[in-house]
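Chains, contacts and geometry: an overview
Residue strings, one per chain:
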Amino acid sequence: MATKKQRNRETKKQAPCDGFTLAEILIYTAIMAIVGTLFTGILITVTKIQNRQSTSAEVEQQTNLVLQNIQRYVRESSLIDIATGTPATTLILRLEDPARDPVNIYLANNQIFVREAANSPSALTTDKIKVDRLIFIKTVTYPGRDSLQVDLVISFNSQNPEEQFTKTSNTNISRSGTAIFNTDINPTADNAFSLGSSLNKWKNLYLSGNLSQTSGTITFGNLTDDPSGANGTIYYNSDLQTFRAYQNDSWKDLGQWTYSSTDASIHNSNNGNIGIGTASPNDQLDVNGIIKLTGFKMPTGAQSNFVLTSNASGLGSWLPSVGEGNWELSGNNIYNKNSGGVGINTNNPTGKLEIKNGTLLVDGPANPILAGSYNAPGNTRGIYVSGKYAFLASSGLRIIDVSNPANPTQVSSVETDGSKGVFVAGKYAYVGTAENGLAIIDISNINNPTIVGTYNSPGDGRQVYVSGKYAYLADAGSGLQIIDISNPTLPTIAGNYNTPGDARGVYVTENYAYVTDGSAGLQIINIANPSVPSLTGIFNTPGSAEKVYVSGNYAYIADGSAGLQIINVSNPASPVLTGSYDTSGSAGDIKVSGKYAYIADGSNVLQIVDVSNPANPKPVGSYDNANDSSENIFIAGKFAYVTVGSAGIHIIDIKGANIISADIDNLTSNNINIKNNFYITGQLTANNAVNTGAGGIASEGIISSAHYLHVGKATAGSPPTPDCDSESEVGRIAIDFNSNRLYVCIGGSRGWDSASLSN
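Because the structure is predicted, anything quoted here is derived from the model rather than measured.

Calculation rules
Residues numbered from 1 in each chain as written. Predicted model: local features only at pLDDT ≥ 70, side-chain atom pairs only at ≥ 80, totals over all residues. Heavy atoms only, no water. Helix = DSSP H or I, 4+ residues; strand = E, 2+ residues; numbered from the N terminus. Contact = heavy atoms within 4.5 Å. Areas by Shrake-Rupley, 256 points an atom, 1.4 Å probe, with all protein chains shown as cover. Patch = residues over 30% accessible without salt bridge, like charges linked within 9 Å, V, L, I, M, F, W, Y side chains within 5 Å. Salt bridge = Lys/Arg side-chain N within 4 Å of Asp/Glu carboxyl O. Buried < 20%, exposed > 50% of the residue type's maximum accessible area, 1.4 Å probe, protein only. Phe/Tyr/Trp six-rings, centres within 6.5 Å; stacked < 30°, edge-to-face > 60°. Lys NZ or Arg CZ within 6 Å of the ring centre and 35° of its normal. Core = buried A, V, L, I, M, F, W, Y, C linked by side-chain atoms within 4.5 Å. Pairing = 2+ DSSP bridges. Axes fitted to C-alpha atoms, helices over the stretch in contact; angles between N-to-C directions.

Remarks on the overall build of the protein
Along its length, the protein carries two helices and 52 strands. Nonlocal contacts in the protein, meaning residues at least 24 apart in sequence, comprise 39% of its contacts between residues at least 6 apart. When the accessible surface of the protein is split by element, carbon and sulfur atoms take 49% of a total near 45,600 Å².

Some details on a nonpolar patch on the surface
A cluster of nonpolar side chains, namely Leu205, Leu207, Leu211, Ile218, Phe220, Ile234, Phe243 and Leu254, defines an oily patch on the protein surface of about 780 Å² accessible area. Along the chain, Phe243 turns up in strand 10 (residues 242-247). The exposure class of Phe243 is partly exposed, given its relative accessible area of 34%.

Describing the packing of aromatic side chains
Evaluated as defined, the whole model comprises 13 aromatic pairs. Taking the centre distance of 5.0 Å and the plane angle of 55 degrees together, the rings of Tyr507 and Tyr549 count as tilted. Taken as a pair, Tyr507 in strand 35 (residues 505-509) and Tyr549 in strand 39 (residues 547-551) lie far apart in primary sequence, 42 residues in all. Both residues of the pair, Tyr507 and Tyr549, count as buried. Where Phe639 meets Tyr641, the ring centres are 6.4 Å apart and the plane angle is 65 degrees; that geometry is what we call edge-to-face. Residue classification places Tyr641 among the buried residues on the basis of a relative accessible area of 4%. Connected via pairs of aromatic rings, a cluster forms that spans Tyr384, Phe423, Tyr465, Tyr507, Tyr549 and Phe634. Sitting over the ring of Tyr73, Arg72 keeps its end group 4.5 Å from the ring centre.

A look at the nonpolar core
Residues Leu397 and Leu564 are the most contacted members of the largest nonpolar core, which totals 80 residues. Apart from the residues within four sequence positions on either side, Leu564 is in contact with Tyr556, Ile557, Gly579, Ser580, Tyr581, Thr583, Ile590, Ala597, Ile599, Val609, Val611 and Pro617. Ranked by size, the runner-up nonpolar core spans 28 residues in total, among them Tyr73, Ala88, Leu134 and Ile173.

What about the sheet that holds strand 7 (residues 147-156)?
Within the open sheet, the three strands sit side by side as 6-7-8. Their pairing is antiparallel. Each of the sheet's edge strands pairs with one partner strand only, and the pair in question is strand 6 (129-139) and strand 8 (166-174). Adjacent strand axes in the sheet meet at a mean angle of 15 degrees, parallel and antiparallel pairs treated alike. Bridge analysis of strand 6 against strand 7 gives ten bridges, and the strand direction is antiparallel. Within strand 7, the residue paired with Lys138 across the bridge is Leu148.

Structural notes on the pattern of salt bridges
Under the definition given, this model contains 18 salt bridges. With a shortest N-O distance of 2.7 Å, Arg133 and Asp151 are connected by a salt bridge. Linking Arg133 in strand 6 with Asp151 in strand 7, this pair joins segments that are 18 residues apart in sequence. Here the residues in one salt-bridge network are Lys420, Asp460, Arg462, Asp502, Arg504 and Glu546, joined through shared partners.

Section: the environment of Lys595
Along the chain, Lys595 falls in the loop between strand 43 (589-593) and strand 44 (596-600). Taking the C-alpha atoms as reference, Lys595 lies 9.8 Å from Asp363; in sequence the two are 232 residues apart. Sequence-distant contacts of Lys595, defined by excluding residues within four places in its chain, comprise Asp363, Val609, Asp610, Val611 and Ser612.

Some words on unusual backbone geometry
Glycine aside, the phi torsion of most residues is negative, and most peptide linkages are trans. At the junction of Asp101 and Pro102, the peptide bond is cis and its omega measures out at -5 degrees in the coordinates. Along the polypeptide, Pro102 turns up in the loop between strand 2 (90-94) and strand 3 (103-108). Backbone geometry at Ser395 places phi at a positive 55 degrees, although glycine is not the residue there. Inspection of the secondary structure assignment puts Ser395 in the loop between strand 24 (389-393) and strand 25 (397-401). Non-glycine residue Ala434 carries a positive phi angle of around 55 degrees. When its relative accessible area of 7% is taken as the criterion, Ala434 is described as buried.

Following this line, the structure appears as structure tokens:
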């Protein structure tokens, strides 16, 4: 038996056999690492396979869903409405249901959408995939059904390369079932296809609308006997050469019209009347409407130069023309060859042309044309036309003979120190001479005009208006100057009114001077007492008031860039705007004649505006010349005379009347331009002054004045000259201010009788 000590020794020797050595532990660790790596690789591989299967399944599923939906829509459609053989990115399908028609299938932002009619689009795919390509190609296989090729490329929507999967599909889809059309049926080429053929025919064609044949023929067959029919049936009978219609259980000729193959004519075979526009014709042809003919022939009674007339029943016949053929055409003109007169509303004319109980209207300013021009050597700033002469403010005064508008010629001239405006009254021309004020020029000898008097105004003399014994001068910064011209050799200031702006134009009528004052608009000044003029009314125009013309209750203002302004001045103290027209240029001057306003419109030369309704002025015509710019205008007869600065003047034909001689019982005119003598058998009434030349005023009756009669100074000495020794001189009055005596021509041996003015 072993002792305790021996047993302990044995135990110590066996102890290492119960644990692991270091080598064994390292071996075990390596084995476990290998096994773990193998398991991880297997797990990753399995996961990749699962992801791949998942992405491919998603792509497959959405591809099939897209193709199934496209196939369903195509088979429900009545028409694939895209071009044949041409790739399209949008598929258009027409459906019978109007609530769904049309259907559009298209690609947007890598997703496929479908839209029915006007409804909101819906997606056929989700954002798990992206569509890289969607192309539709239509194929037509006549006489089979249309088919659709769908070229589709879908890939999984992921940036992970291990999840990327793409499927390409090229599918052909055919329409099925009978086509039901809810839109037009159009062939792919014009005049290329037929419905049926001569061998295989369609049986019936049912229409609810019209059958339209734009070319070719419609063949009704070759029937010679009436077939079986129903109401509304129509056919052509080749034996009778007529159309027949079935109605109320019997066949009847359609409209009784018969075609004759022998002379290609068509006629009505019954004995009744034909009505067009009427169901109850009263004659063989009764037309209730307008007949349009390219030719007309009524053979009964026709002869050369006869005219067609009718009796009280409307029955027409041919008769000799009025005046037995004395009317003839010459180009676009018609004239009467006889030596008698032409009567309108009278069969007994007393002149070459007599209009009885009617009016003559000469109205044609819509197309004014250039009649002639005159290129003055200076800068033309003003114009006045009297008789056959045009007086130009152009480096002084230039007198131009315009009796031949196509060839105006200068007659004479006189130099002044400047010239901006001109007015002619009697034997004098009054010229606004800029900083030198007013010049008075004697034009009694038209070939030798001479300056007889001047007045140096404080401002810049521009437009002049003469009325009675006063000249009214628009004097720029010094406003209105009223100059007494009773002694033309010694003009003197009578009064003035300093307007707030820049006085550029003036027009005088009755007791008022209308002054255009630039930016200060229209100033209306009371001149009843010329020595103390006073402001009555103001109208501030939107532009720059340049010139003014007053007619009736209206002041017409050339308002620069604002065009034409029409102001009601019936109450001068309270002028109001009635109408306006913004011309295309810059309105510098204006004249009114009849119902038209003629405007010098700067770069647009001449604008003509209808002012018959002052509240609604309308443009009717214009004359333009790109090289010129107009400033002033004067209307005389049928011509407008327009100044164009350094280019002189243009004479523009405004299509008025050119009457060589006239006996007029009643005449109303804005302007009367007398070339020679003016004879009045009745009364002469002037709203303003009557200015005469050297011949004065001769009257066989009384000369009366509501105000005063102005008598000029005696020509020379005491008694005055000429001698008072003839009957024609009896009644003359003269005043000799040197001796303060009043002289009256008694005639005969008494000659001049006189009385002292001091008594």
